[in-house]
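Chain residues, written in single-letter form:
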2 protein chains.
Amino acid sequence: MTSAEYSPLARKLLAFVALSEVELAVLKRLHQRRRSFVAGRDMVHQGQSAQAAYVLSSGWVCSYKLQADGSRQIVDFQVPGDFLGLRSVLLRTSDHSFEPIVDIEAVEVLTADLLDAFAQTPRLATAVLWAASRDEAMVVEHLVGVGRRDADARMAHFLLELGSRLALVGVGSRNGFNCPLTQYHLADTLGLSAVHVNRVLRQLREHGLLTFRDGRVTFHDYGGLVDLADFDPAYLDQTGPLLK
Amino acid sequence: MTSAEYSPLARKLLAFVALSEVELAVLKRLHQRRRSFVAGRDMVHQGQSAQAAYVLSSGWVCSYKLQADGSRQIVDFQVPGDFLGLRSVLLRTSDHSFEPIVDIEAVEVLTADLLDAFAQTPRLATAVLWAASRDEAMVVEHLVGVGRRDADARMAHFLLELGSRLALVGVGSRNGFNCPLTQYHLADTLGLSAVHVNRVLRQLREHGLLTFRDGRVTFHDYGGLVDLADFDPAYLDQTGPLLK
DNA sequence: CGCTTATTTGATACCAGTCAAGTTCCGTGG
DNA sequence: CCACGGAACTTGACTGGTATCAAATAAGCG
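It should be emphasised that the depicted structure is a prediction, and the values quoted were computed from it without experimental measurement.

Once that is clear, we can look at the protein's contact with DNA strand C. Near DNA strand C you find 15 residues, and of these A:Gln183, A:Asn198, B:Ala151, B:His196 and B:Arg199 are the closest. Taking all atoms of DNA strand C within 4 Å of the protein, the share assigned to sugar and phosphate is 61%. In the environment of DNA strand C, a phosphate oxygen lies 3.5 Å from a nitrogen or oxygen atom belonging to the backbone of B:Gly191. The separation between a base oxygen of DNA strand C and a polar side-chain atom of B:Arg199 is 2.8 Å. Elements with a minimum of two residues in the surface near DNA strand C: α7 (183-190) and α8 (194-206) of chain A together with α8 (194-206) of chain B. With four residues, α8(A) is the largest single contributor of residues to the surface near DNA strand C.

If you want it as structure tokens, here you go:
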């Protein structure tokens, strides 16, 4: 089997743990049901108990939490191959909502099937734990940004991280990437107001660092951005299977 | 075997997954080596690759990230029974540093032993995944606070969460809890300056909500704090084993 | 073409940071 | 026993980064 034939999830997990034919087969049985969701309409609502998780096949999703006062905080974004709602399933309560940024395709994974698969193939559980750890590392980096970086550095760091993640799955490079997000998404991600996001983007543009325009992010001065944001992609990169 | 005889880690995992005698025995073999660390001196340094994780037996630890400009962001706190450095082990790079707040006792868990144990007893891997998910849920809640709550609500939410966590392990109640943190710890946790932390604490005190003084947090108006912080402890609570 | 959504810009207000100085508390050594 | 030094805490005055309010301009879309 060549790499191209694997599902997005298999490709992701293979970066962490070398899986046998048997384990890959178990993995394959996990997700049979394909589902589509349209942009802008929530997939799962906060507080709702989830019986299924998803693996994103195509499109972008963000997960966020709403506050009593109506403001929202976007926690992270999922791109193809990412898990979606794994924590909701494990903790038996959806503590997030999920919004598809564009129309998406996802495969459903039932809780019971997932737990069965873990019992059958321990290495699979380890692989998922690994993937979850990487996701947590991104949330941690996000927290640091919101807590301790000013608006410019926060924006630069976020867009650099997103660029790196997309480059890892083959979409985008050091020159930039296509990006369906609105400035409101950026605001809710970075803990800023939409108005200020606009000003920050203007500043970055006027300083010759990057442009965010017409659904595309273009990096004009990658090194300058890395300096500004103190960006270190170590936590994203996985050079090869950790467990042979 | 009665509950009191379990190790802190076993007690924690039993809240998520019912473990057999065999699994508990595997768990017990995992941590044989006890280690102590003195307050204020880092256990693991950022960037250093870790070969071992720890389970905290007694004391408090915080994990944090340092920025190039010298500021730091505390990501979370560990109290007895919590994992420490699990992500560092899994991702083979320590992306945090750990500071013992007071003198602590911890048991060392070697990476290789942990992975072996997962292979032998899949349910153990599932249990650890569960525990890691709860930890991530706390980081997410922390992110929301820093991104979208003003300083007062942020402080109130943090102290309420800490109180609830401590109550779960039997230390502290709705009246308050003993707290070895300095106002600098609070500042680095909440993304505020130490000066402003002091002002916020004064306000909360003057409004009759809580006092932070002489190593003790006292809640004067629990309901008022819950309102101010929009606090919902659902993500902390685990009513019983999810996997029988 | 008129509606809505996204973006842009200016003016003003306020939350929280910074700087500076002072207090309390405690441990240590003379 | 007291003097000293350091760490944590406290308070005031001022500054500055972002939010908020308001309005104008573009860009899709039925």
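Let's shift gears to a nonpolar patch on the surface. A cluster of nonpolar residues, A:Leu168, A:Val169 and A:Val171, forms a patch on the protein surface that exposes about 250 Å² of accessible area. In this structure, A:Val169 sits in the loop between α6 (151-168) and β8 (176-178).

Quick look at the relation of the copies chain A and chain B now. When chain A is fitted to chain B, the best match, at an RMSD of 0.0 Å, comes from turning it 180° and sliding it 0.0 Å along the axis. The symmetry that links the two subunits is that of a two-fold axis. An overlap of 100% is found between the interface residues of chain A and their copies at the interface of chain B, pointing to a shared contact surface.

Residue and element names in this part refer to chain B. At a minimum axis distance of 10 Å, the contact between helix α2 (residues 21-30) and helix α4 (residues 111-120) shows a crossing angle of 175°. With respect to each other, α2 and α4 are oriented roughly antiparallel. The residues of α4 that touch α2, namely those facing Val26, Arg29 and Leu30, are Asp113, Leu114, Ala117 and Gln120. Residue classes in the contact of α2 with α4 are distributed as four nonpolar, one polar and two charged.

Glancing now at the pattern of salt bridges. Tallying each qualifying case throughout the model produces 24 salt bridges over all chains. Between A:Asp82 and A:Arg165 there is a salt bridge; the shortest N-O distance is 2.8 Å. Taken as a pair, A:Asp82 in the loop between β4 (72-78) and β5 (83-84) and A:Arg165 in helix α6 lie far apart in primary sequence, 83 residues in all. Taking relative accessible area as the criterion, A:Arg165 reaches 6% and is therefore assigned buried. Residue A:Asp188 is joined to B:Arg148 by a salt bridge in which the shortest nitrogen-to-oxygen separation is 3.1 Å. Within this pair, whereas A:Asp188 is found in helix α7, its partner B:Arg148 is found in helix α5 (residues 122-148), the two belonging to separate chains. When its relative accessible area of 16% is taken as the criterion, A:Asp188 is described as buried. A single salt-bridge network, built from bridges that share partners, covers A:Arg72, A:Glu99, A:Asp188 and B:Arg148.

So, on to unusual backbone geometry. Positive phi, close to 50°, is recorded for A:Asp214, a residue that is not glycine. Inspection of the secondary structure assignment puts A:Asp214 in the loop between β9 (210-213) and β10 (216-219).

Turning to the interface of chain A and chain B, a few remarks are in order. Residue-level contacts link 46 residues of chain A with 46 residues of chain B. Carbon and sulfur atoms make up 64% of the area that chain A and chain B hide from each other, which totals about 4500 Å². For the chain A face of the interface with chain B, the top three residues by lost area are A:Leu129, A:Leu143 and A:Arg148, together amounting to 18%. On inspection of chain A and its partner chain B, the count reaches six salt bridges. Across the pair A:Lys65 and B:Glu141 runs a salt bridge, and its minimum N-O distance is 2.6 Å. At the boundary of chain A with chain B, the tally comes to 14 residue pairs in polar contact (both at pLDDT 80 or more). Going through the elements one at a time, β4, α3 (86-91), α4 (111-120), α5 (122-148) and α7 of chain A are the ones with two or more residues in the side of chain A that touches chain B. By residue number, the principal contributor to the side of chain A that touches chain B is α5(A), which donates 20 residues.

With that settled, consider the domain arrangement of chain A. All names here are of chain A. The domain boundaries assigned to chain A delineate domain 1 (3-139) and domain 2 (149-235). Here the C-alpha centre of domain 2 lies 25 Å away from the C-alpha centre of domain 1. Interface of domain 1 and domain 2: buried area, both sides summed, is about 1400 Å²; carbon and sulfur atoms make up 65% of it. In terms of surface lost to domain 2, no three residues of domain 1 exceed Trp60, Phe77 and Met138, which account for 42% of the buried area on that side.

Taken together, the side chains of A:Asp69, B:Asp221, B:Asp227, B:Asp230 and B:Asp232 define an acidic patch exposed on the protein surface. Position of B:Asp221 relative to the elements: it lies in the loop between β10 (216-219) and α9 (222-229). Residue B:Asp221 is classed as partly exposed on the basis of its relative accessible area of 33%.

Quick look at the side chain of A:Arg72 now. Following the sequence through the fold, A:Arg72 ends up in strand β4. Of the polar contacts made by the side chain of A:Arg72, one reaches the side chain of A:Glu99; its length is 2.9 Å. A polar side-chain atom of A:Arg72 sits 2.7 Å from a polar atom in the side chain of A:Asp188. Among all residues touching A:Arg72, those that are not within four sequence positions of it are A:Tyr64, A:Lys65, A:Leu66, A:Glu99, A:His185, A:Asp188 and B:Arg148.

The next point concerns the sheet that holds strand β6 (residues 97-100) of chain A. The pairing of strands in a sheet comes from backbone hydrogen bonds and takes either a parallel or an antiparallel form. All names here are of chain A. On the basis of which strands lie adjacent, the open sheet formed by three strands has the order β4-β3-β6 and antiparallel pairing. Strands at the two margins of the open sheet, each flanked by one partner only, are β4 and β6. Along the sheet, successive strands turn relative to each other by an average axial angle of 30°, direction set aside. Pairing geometry for strand β3 (residues 61-66) and β4, over six bridges, is antiparallel. If you follow Leu66 over to β4, its bridge partner there is Arg72. Most of the contacts of α7 go to β4, to which it runs at about 105°, and overall it touches β4 and β6.

So, how was this worked out
Residues numbered from 1 in each chain as written. Chains lettered and ligands numbered in written order. Predicted model: local features only at pLDDT ≥ 70, side-chain atom pairs only at ≥ 80, totals over all residues. Heavy atoms only, no water. Near = heavy atom within 4 Å. Polar contact = N/O pair within 3.5 Å; in protein donor to acceptor, adjacent residues only side chain to side chain. Helix = DSSP H or I, 4+ residues; strand = E, 2+ residues; numbered from the N terminus. Patch = residues over 30% accessible without salt bridge, like charges linked within 9 Å, V, L, I, M, F, W, Y side chains within 5 Å. Areas by Shrake-Rupley, 256 points an atom, 1.4 Å probe, with all protein chains shown as cover. Salt bridge = Lys/Arg side-chain N within 4 Å of Asp/Glu carboxyl O. Least-squares fit on C-alpha atoms with pLDDT ≥ 70 in both. Contact = heavy atoms within 4.5 Å. Axes fitted to C-alpha atoms, helices over the stretch in contact; angles between N-to-C directions. Parallel < 35°, antiparallel > 145°, perpendicular 65-115°, else oblique. Nonpolar A, V, L, I, M, F, W, Y, C, P; charged D, E, K, R; others polar. Buried < 20%, exposed > 50% of the residue type's maximum accessible area, 1.4 Å probe, protein only. Buried area = accessible area lost by both parts, 1.4 Å probe. Domains from an automatic or database assignment. Lys, Arg positive; Asp, Glu negative; His and termini not counted. Charge placed at Lys NZ, Arg CZ, Asp CG, Glu CD. Pairing = 2+ DSSP bridges.

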